[in-house]
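Structural description and commentary
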Amino acid sequence: MALRRRLSALAAEYGLDRVCLAGGLALNVVANGSLHDVFPGGVYVPSAPGDDGQCLGNVYAALAARKVRRSTMPVMRKSSSAYVGPNLKIDSTAVTGNLKRAGLASYVVFEASDSTDFLARFLAAGSVVCVYQPRAEFGPRALGARSILADPRRGEVVSELNSLKKRDWFMPFAPTVLQSQMDEWFEHAAESPFMSHAFRAKSKALQQIPAVVNADGTSRVQTVADDEDTPMARTLRSFFKSTGVPVLLNTSFNHGGSPIVETLEEALLAFSTMPVNVLSVGRFIVVKSLSPAQSDLPLGKVGKVNIQVFRDGSPTLVDGTSAPTASVIRRIQNLTESVVFVRTQFPLYGQYLDWMRQGQKHTTIRFRRDAVEIPVSDRLPLFETSDYGPGDRTHPAEHVQINGVRYHRFGELKLADAVKDGFRDLEHMRHDLTNIYPTLQDSDWVTIYDIELAGERL
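As a starting point, this report considers the structure included with it. Computed from a predicted model, the values in this text were never measured in an experiment.

Overall, mixed pairing links the 11 strands, which are arranged S7-S8-S6-S9-S5-S4-S10-S11-S3-S14-S17 in an open sheet. With one partner strand each, in any of the chains shown, strand S7 (197–200) and strand S17 (371–375) form the two edges of the open sheet. The sheet shows a mean angle of 35° between the axes of neighbouring strands, direction not considered. Pairing between strand S14 (residues 339–343) and S17: five bridges, direction parallel. What sits directly across from Phe-341, in S17, is Glu-373. Together, strand S5 (146–150) and strand S9 (247–252) form the strand contacts of helix H6 (residues 157–164), whose direction differs from that of S5 by roughly 145°. The strands touched by helix H11 (residues 325–336) within the sheet are strand S3 (108–111), S14 and S17, with S17 carrying the most contacts at an inclination of about 155°.

It is worth spelling out the layout of surface pockets at this point. In this structure, the largest pocket encloses a volume near 730 Å³. In terms of lining residues, the largest pocket is bounded by 32 residues, among which Phe-367, Tyr-388, Gly-389, Ile-436 and Tyr-437 are the most central. The residue makeup of the lining of the largest pocket, split by class, is 13 nonpolar, six polar and 13 charged.

Moving on to the pairing of S14. The side chains of a regular strand alternate, first on one face of the sheet and then on the other. Here S14 lies mainly inside the structure; five of its five residues are buried. By the alternation rule, side chains of S14 split into Val-339, Phe-341 and Arg-343 and Val-340 and Val-342, which are all buried. Bridge analysis of S3 against S14 gives four bridges, and the strand direction is parallel. Bridge pairing links Val-108 to Val-340 in S14.

Before going further, it helps to spend a moment on empty space enclosed by the protein. Within the structure shown, the criterion is met by two cavities of 30 Å³ or more. Taken together, Thr-116, Leu-119, Val-131, Gln-133, Gly-144, Leu-149, Pro-231, Met-232, Thr-235 and Ser-280 form the lining of the largest cavity. Counting only elements with at least two residues in the lining of the largest cavity, the list comes to helix H5 (116–124) and helix H9 (231–243). With three residues, the top contributor of residues to the lining of the largest cavity is H9. Space inside the second largest cavity adds up to approximately 40 Å³. In this structure, the second largest cavity is lined by Ala-26, Leu-27, Val-29, Pro-46, Ser-47, Pro-49, Pro-140, Arg-141, Phe-194, Met-195 and Ser-196.

Enumeration over the complete set of coordinates arrives at 22 salt bridges. With a shortest N-O distance of 2.7 Å, Arg-154 and Glu-160 are connected by a salt bridge. By relative accessible area, Glu-160 is classed as partly exposed at 35%. Glu-373 serves as the salt-bridge partner of Arg-343, at 2.9 Å between the closest nitrogen and oxygen. Note that Arg-343 is positioned in strand S14 and Glu-373 in strand S17, a separation of 30 residues in sequence. Since its relative accessible area comes to 6%, Arg-343 is described here as buried. Residue classification places Glu-373 among the buried residues on the basis of a relative accessible area of 3%.

The full count for this structure, using the stated rule, is eight aromatic pairs. Relative to Tyr-352, the ring of Tyr-349 has its centre 5.4 Å away and its plane inclined at 90°; by these criteria the two rings are edge-to-face. The class for Tyr-349 is partly exposed, based on a relative accessible area of 21%. Using a relative accessible area of 7% as the deciding quantity, one classes Tyr-352 as buried. Judged by centre distance (4.9 Å) and plane angle (45°), the ring pair of Tyr-352 and Trp-355 falls under tilted. Here Tyr-352 and its partner Trp-355 are both found in helix H12 (residues 350–357), three residues apart, which amounts to about one turn of the helix. Each member of the aromatic cluster is reached from another via a ring pair, and the members are Tyr-349, Tyr-352, Trp-355 and Phe-423. Its guanidinium or amino end placed over the ring of Phe-271, Lys-288 lies 4.6 Å from that ring's centre, counting from NZ or CZ. Seen from the ring of Phe-341, Arg-368 lies directly overhead, with NZ or CZ sitting 4.3 Å from the centre.

Grouped together as the largest cluster of nonpolar side chains are 126 residues, with contacts concentrated most on Val-95 and Phe-253. Once residues within four sequence positions are removed from consideration, Val-95 is found in contact with Ile-90, Val-109, Leu-264, Leu-268, Val-281, Phe-284, Val-286 and Phe-341. Among the nonpolar cores identified, the runner-up in size contains 10 residues, and Leu-21, Ala-26, Phe-39 and Val-43 belong to it.

What follows deals with the environment of Gly-391. Relative to the helices and strands, Gly-391 is located in the loop between strand S18 (379–385) and strand S19 (398–409). Residue classification places Gly-391 among the partly exposed residues on the basis of a relative accessible area of 40%.

Those residues of H12 not exposed but buried are Gly-350, Tyr-352, Leu-353, Trp-355 and Met-356. Packing partners of the buried residues in H12 comprise strand S15 (346–349), S18, S19, helix H14 (426–436) and strand S20 (445–453).

To continue, consider the state of the cysteines. Enumeration according to the criterion identifies zero disulfides in this entry. Between Cys-20, a cysteine without a disulfide, and Cys-55, which holds the nearest cysteine sulfur, the sulfur-to-sulfur distance is 16 Å. Overall, the relative accessible area of 53% leaves Cys-20 in the exposed class.

We now examine the side chain of Ser-280. Position of Ser-280 among the secondary structure elements: in strand S10 (residues 278–281). Here Ser-280 is in contact with Ser-115, Leu-119, Cys-130, Val-131, Tyr-132 and Gln-133, once residues within four sequence places are set aside.

The rules behind the values
- Residues numbered from 1 in each chain as written.
- Predicted model: local features only at pLDDT ≥ 70, side-chain atom pairs only at ≥ 80, totals over all residues.
- Heavy atoms only, no water.
- Pairing = 2+ DSSP bridges.
- Helix = DSSP H or I, 4+ residues; strand = E, 2+ residues; numbered from the N terminus.
- Axes fitted to C-alpha atoms, helices over the stretch in contact; angles between N-to-C directions.
- Contact = heavy atoms within 4.5 Å.
- 1 Å grid on protein atoms, 1.4 Å probe; cavity = no way out; pocket = protein on both sides within 12 Å on 5 of 7 lines; lining within 4 Å.
- Points joined across faces, edges and corners; volume = space filled by probe spheres on them.
- Nonpolar A, V, L, I, M, F, W, Y, C, P; charged D, E, K, R; others polar.
- Buried < 20%, exposed > 50% of the residue type's maximum accessible area, 1.4 Å probe, protein only.
- Salt bridge = Lys/Arg side-chain N within 4 Å of Asp/Glu carboxyl O.
- Phe/Tyr/Trp six-rings, centres within 6.5 Å; stacked < 30°, edge-to-face > 60°.
- Lys NZ or Arg CZ within 6 Å of the ring centre and 35° of its normal.
- Core = buried A, V, L, I, M, F, W, Y, C linked by side-chain atoms within 4.5 Å.
- Disulfide = S-S within 2.5 Å.

Laid out in structure tokens, this is it:
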């Protein structure tokens, strides 16, 4: 109250309608929230208002002194503005390598260009999910890059998360809400992109999202701009679309008493010891258990696909006709001793797609370090790429029919395998594949898809 009285006097004396707060005092979200009546133009608090924020100011001051850039700081008005941590590389090699080193090869990885739809479905079904994105937030709050998310409609999730994080029972959790929906749920429609303000919850929030309302009827809110294009924003929009609730419970991704996870290794280690089944890592979803309860997993039917694992030249048939997909995946894991990636989309280099259209290519060989693949179903959207990377997944060029999947050691492939894949001979195939996959060795497992175009060009 003393802060409010002092700033009210200054606002009246100088005719101010907005204020910027910094220093450790600005971490007092209750005080910050109370100032919005005094400063209707806005109360701005940076993502790291305490001593930790000085380093960023020092960097820009030094750059300005060297005339590398102008003296003004960049505008930081959205949650995504705080994603200034190191841009860590998250690809299948990084995911698989960390799973193997951590002894977690039994986990299953789903790959999609955008996994946020799946995450929203998990959340709406009652699952708690961990989220890890390449660049961490700058400051003490988890803002969607190192977060644990849950459905705020589930009041019982508070005790689950307090137990998970070893917190006292009365400690509250924060809501993340779409900015455009703020005034529907909270007393102020103010911006709070860095979870810096506590606002009084309206009766609608008290009734429908009890997990994120404190005992005093307030919530420490994080607002997300409707036009932000981040995994957190897209997950929130998908959850809103499916449930009518534009709010998610958001807490930091860490064990109680431990720092927020930073590296992928730390994230997987923390996840492995938590009673949580789903982890979003970049464009991947890592799942511990493929139990029947996980009905929102994108597990299709692979029964029509002929699946064989070749060991020492001899095939072992993996029957997917009657067995559930989860059992097929476990069987492949056991036979290859590899992490299994479930493919939901099919990228193909443009030249190789031309070979398919010309009837020259009938298979495609894929390699992931310490991992193999399985399709989510026998028919997938095919995306043409300009290189050998994931490519743009906006509009499929074709659909591909998958008739079989074979797993071979690379060194065991024969001339017939090369010709079916469109190559002139074995040497041509080995040259191209080792160029695409520089670390590929003869002892490595490769996944071979028997494919044809499904006749549905888009």
